[in-house]
Amino acid sequence: MSLLRVEGIHKRYGKEEVLKGVSFELERGETKVIIGPSGTGKSTLLRCINQLTPPEKGRVWLDGTEITHAHAKINDLRAQIGFVFQSFNLFSHLTALGNVRIGPIKVKGMSKEDATELAMEELGRVGLKDKADAYPAQLSGGQQQRVSIARAYAMRPKLILFDEPTSALDPELIGEVLEVMISLAKGGMTMLVVTHEMGFARAVADEIIFMEHGVITEQGEPKQMFLAPKHKRTGEFLNKITELYGETD
Amino acid sequence: MLLHGTLINIELLLALLIVGLLVGTLIALLQVYGGRFLGTLASGYAWIFRSIPALVLLFLFYFGPSQFGVNVAPFIAATIALGLRSSAYQSQIFRGALQAIPHGQMMAARSLGMTRVQAIVSIIIPQALRLSIAGWSNEFSSVVKDTTLAYVVGLNEVLRKVRIITDRHYDLAMLAYLTVALIFLGLTYAGNWGLGWLETRIRIPGLQIGGEL
């Protein structure tokens, strides 16, 4: 059984249909990268998966439980799905430590002591133990994004969704975030990543999913996608973003 | 005598601010998160209590119940009338602050598995309260002075005491009213200083409102 199964997701904003029936699966421990031109619904797809934006049609299962079911325990299910935002969205009134431990405390009912210990460990994992008392506004973008990854991982989710995690960062800060993500992927975390970082895709992706105009037009192993894409359009796009974003690995 | 009167103003001020804060926060939360029906009710409430003159409210809450045989003490009537009026203004300050918190904060909280209520209580309100202090400073300066209106329902506050003095010693009128003016200058100054101190005290280093809207 797949860890994540997405079937026939449709979503429209007003007149415009952003997602026109997207289906795919993600096995435990896999990392899949979603690429495609902007405005093709990649971010919307991620939000449809954890129901931050409920889809109009289509179903999503996490580990056999249907998230899209009318009686699904949505908060319990969301707690099992980490989400890393493009703009970090760290809680502005909490320190780095506060951000990482609030989920375990409020959602899992963990004691403050245990949550603090866990949070310090997670901050250590992303190399920010010494920034535990800093507020988000006192951190660089790269540091904020690492804290937000720690915040997601501290919940011990079954999978983590990444929505263009490096797109809001200065080029010199991208590397530190990708490094954390690569080590998570290699550590067996199940990840679904919307990104233009082809270096990351080559390094850890089990599969690349190419989306355009609200549908998946092609998917396959990175090697095959780069060397022998089935569609001309996929090849053109891959060449263009590799040229634009380089091979940061 | 004036000092005793001033103390009553301060008591009334604290009481009405507490009523205003509690009711105002509730109204603001309903306006922002209450959905269409409750939101409209809350907006209607805010509109009504901001539209009626303070004196009319005082008379309504003081003389109104006595028509039905219920006697309300001046202090209670003044606290309710001015407190509800202040709650309408405070709700608008707090509503603005709630709406200024970027939507990304709510999304991040929900993505961790928090319920909507948990997200509002632990993430949104603490940030919105900090943003509200500047507006409250203004509201504070305004309600401090409103407490003198309570003399019309017979509350023994400072202005009424002055009236008692000047009724007997007309020649002291100028001096007495100047003293009252000074007392309120002092009160307003102290209050704003206190709120300024609080604002610095709970300021989050480098906080700007930002992120996903």
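Predicted model only: the values in this text are computed from it and were never measured.

What counts as what
- Residue indices follow the written sequence of each chain, beginning from 1 at its first position.
- Chain A is the first chain written and ligand 1 is the first ligand written, with later ones labelled in order.
- Whole-chain, interface and lining totals are the exception, using all residues; otherwise, since this is a predicted model, local features are given only for residues with pLDDT of at least 70 and side-chain atom pairs are given and counted only at 80 or more.
- For the side-chain quantities, the full set of heavy atoms in the structure was used; hydrogens and water were omitted.
- Labels follow the DSSP assignment, with helices taken as runs of H or I lasting at least four residues and strands as runs of E lasting at least two, numbered in each case from the N terminus.
- All radius of gyration figures rest on C-alpha atoms, and the globule criterion is 2.2 Å times the number of residues raised to 0.38.
- Only protein chains enter the area calculation, which uses a 1.4 Å probe; residues under 20% of their type maximum are buried, those over 50% are exposed, and those in between are partly exposed.
- Whether two residues are in contact is decided by their heavy atoms, any of which lying within 4.5 Å being enough.
- Each accessible area is a Shrake-Rupley result for a 1.4 Å probe, and residues are judged covered by the shown protein chains and nothing else.
- Put simply, a nonpolar core is a bunch of buried Ala, Val, Leu, Ile, Met, Phe, Trp, Tyr and Cys residues held in one set by side-chain atoms that sit within 4.5 Å of each other.
- When a carboxyl oxygen of Asp or Glu is within 4 Å of a side-chain nitrogen of Lys or Arg, the pair counts as a salt bridge.
- A simple way to read buried area is as the amount of 1.4 Å-probe accessible surface that goes missing from two parts once joined, with both sides added.
- A 3.5 Å cut-off defines polar contacts: any pair of N or O atoms within that distance qualifies, except that in protein one atom must be a possible hydrogen donor and the other a possible acceptor, and neighbouring residues in sequence count only when both atoms are side-chain atoms.
- Geometry is summarised by axes, namely lines fitted to C-alpha atoms with helices restricted to the contacting stretch, and by angles between N-to-C directions that run from 0 to 180 degrees.
- Orientation categories follow fixed angle ranges, with anything under 35 degrees roughly parallel, anything over 145 roughly antiparallel, 65 to 115 roughly perpendicular, and all other angles oblique.
- Helix crossings fall into two classes, left-handed where the near helix is turned counterclockwise from the far one by less than a right angle and right-handed where it is turned clockwise.
- Each residue is assigned to one class: nonpolar for Ala, Val, Leu, Ile, Met, Phe, Trp, Tyr, Cys and Pro, charged for Asp, Glu, Lys and Arg, and polar for all the others, Gly among them.
- You can read pLDDT as the predictor saying how much it trusts each residue, on a scale of 0 to 100.
- Should DSSP find at least two bridges between two strands, the strands are taken to pair.
- Each Phe, Tyr or Trp ring, with Trp reduced to its six-membered ring, pairs with another whose centre is within 6.5 Å; inter-plane angles below 30 degrees give stacked pairs, above 60 give edge-to-face pairs, and intermediate values give tilted ones.
- As a reminder, the over-ring test applies to NZ of lysine and CZ of arginine, requiring each to be within 6 Å of the ring centre and within 35 degrees of the ring normal.

Here we take up the overall build of chain A. The helix and strand inventory of chain A stands at 9 helices and 10 strands. Taking 18 Å as the expected radius of gyration for a compact globule of 249 residues, we find that chain A reaches 18 Å, a close match to that expectation. With the C-alpha coordinates aligned to their principal axes, the bounding extent of chain A is approximately 55 × 45 × 35 Å. Residues classed as buried in chain A amount to 58% of the 249 residues present. Long-range contacts, defined here as pairs at least 24 residues apart, represent 66% of the contacts in chain A between residues at least 6 apart. For chain A, the computed accessible surface area is about 10,600 Å², with 47% contributed by carbon and sulfur atoms.

Let's shift gears to the nonpolar core. Membership of the largest hydrophobic core comes to 50 residues, with the highest contact counts inside it found for Leu4(A), Phe24(A), Ile49(A), Phe91(A), Leu159(A), Leu161(A) and Leu192(A). Element by element, the count of residues in this core is highest for helix 6 (residues 116–146) of chain B, at 6 residues. With sequence-adjacent residues up to four places away left out, Leu4(A) is seen in contact with Phe24(A), Glu25(A), Leu26(A), Ile49(A), Val60(A), Trp61(A), Leu159(A) and Leu192(A). Leu97(A), Met198(A), Ala205(A) and Phe237(A) belong to the second largest nonpolar core, which has 49 residues in total.

All right, on to helix 3 (residues 96–106) of chain A then. Among the 11 residues of helix 3 of chain A, 9 are classified as buried, and the element is accordingly described as predominantly covered. Those residues of helix 3 of chain A not exposed but buried are Ala96(A), Leu97(A), Gly98(A), Asn99(A), Val100(A), Arg101(A), Ile102(A), Gly103(A) and Pro104(A). For helix 3 of chain A, the elements touching its buried residues are helix 4 (112–125) and helix 5 (141–153) of chain A together with helix 6 of chain B.

This part takes up the pattern of salt bridges. Scanning the entire structure with this criterion turns up 15 salt bridges over all chains. Put simply, Arg5(A), Glu7(A) and Glu25(A) are held in one network by salt bridges that share partners.

Let's shift gears to the interface of chain B and chain A. Each partner contributes residues to the interface: chain B has 23 residues there, and chain A has 24 residues. In total, about 2,100 Å² of surface goes out of reach between chain B and chain A, with carbon and sulfur atoms giving 61% of it. Our count for the contact surface shared by chain B and chain A stands at 0 salt bridges. Inspection of the chain B/chain A interface yields 7 residue pairs in polar contact (both at pLDDT 80 or more). Ranked by the residues each element gives to the side of chain B that touches chain A, the list is headed by helix 5 (residues 103–111) of chain B, at 7 residues.

This next bit is on the packing of helix 3 of chain A against helix 5 of chain A. Residues and elements named next belong to chain A. Two elements in contact, helix 3 and helix 5, have axes whose closest approach is 8 Å; the angle formed by their N-to-C orientations is 20°. Viewed along their axes, helix 3 and helix 5 adopt a mutual orientation that is roughly parallel. Of the two elements, helix 3 crosses helix 5, and the hand of that crossing is right-handed. Across the interface between the two elements, Ala96, Asn99 and Val100 from helix 3 touch Val147, Ala150 and Arg151 from helix 5. Tallied by class, residues from the contact of helix 3 with helix 5 come to 4 nonpolar, 1 polar and 1 charged.

Bringing the environment of Gln92(B) into the picture now. Residue and element names in this part refer to chain B. As for its placement among the helices and strands, Gln92 is situated in helix 4 (residues 74–100). For Gln92, a relative accessible area of 18% gives the class buried. Through-space distance from the C-alpha of Gln92 to that of Ala28 is 6.7 Å; in sequence the pair is 64 residues apart. When near neighbours in sequence (up to four residues on either side) are disregarded, Gln92 contacts Gln31, Ala46 and Arg50. Within the local environment of Gln92, its side chain forms a polar contact with the side chain of Ser91, the two groups lying 3.0 Å apart. A polar atom in the side chain of Gln92 sits 3.0 Å from the side chain of Arg95.

This brings us to the confidence of the model for chain B. All names here are of chain B. Across chain B, the average pLDDT comes to 86, with 96% of residues at or above 70. Mean pLDDT values for the elements of chain B range from 82 in helix 7 (residues 158–168) up to 95 in helix 5. The ipTM for the predicted assembly is 0.91, set against a pTM of 0.85.

With that settled, the discussion passes to the sheet that holds strand 8 (residues 190–194) of chain A. Residues and elements named next belong to chain A. Ordered by their spatial adjacency, 6 strands build an open sheet running 6-7-8-3-9-10, and the pairing between neighbours is mixed. The sheet is open, and its two edges are formed by strand 6 (81–84) and strand 10 (215–220), each paired on a single side. Taken over all neighbouring pairs, the strand axes of this sheet differ in orientation by 20° on average, direction set aside. Of the pairings in the sheet, the one linking strand 7 (residues 159–163) to strand 8 comprises 5 bridges and is parallel in character. For Phe162, the partnering residue across the bridge sits in strand 8 and is Val193.

Following the criterion strictly, the structure yields 5 aromatic pairs over all chains and no others. Site record: aromatic cluster; members linked through ring pairs are Phe59(B), Tyr62(B) and Phe63(B). Against the face of Phe91(A) rests Arg151(A), its NZ or CZ located 4.6 Å from the ring centre. In this structure, Arg202(A) packs its charged tip against the face of Phe226(A), placed 4.0 Å from the ring centre.

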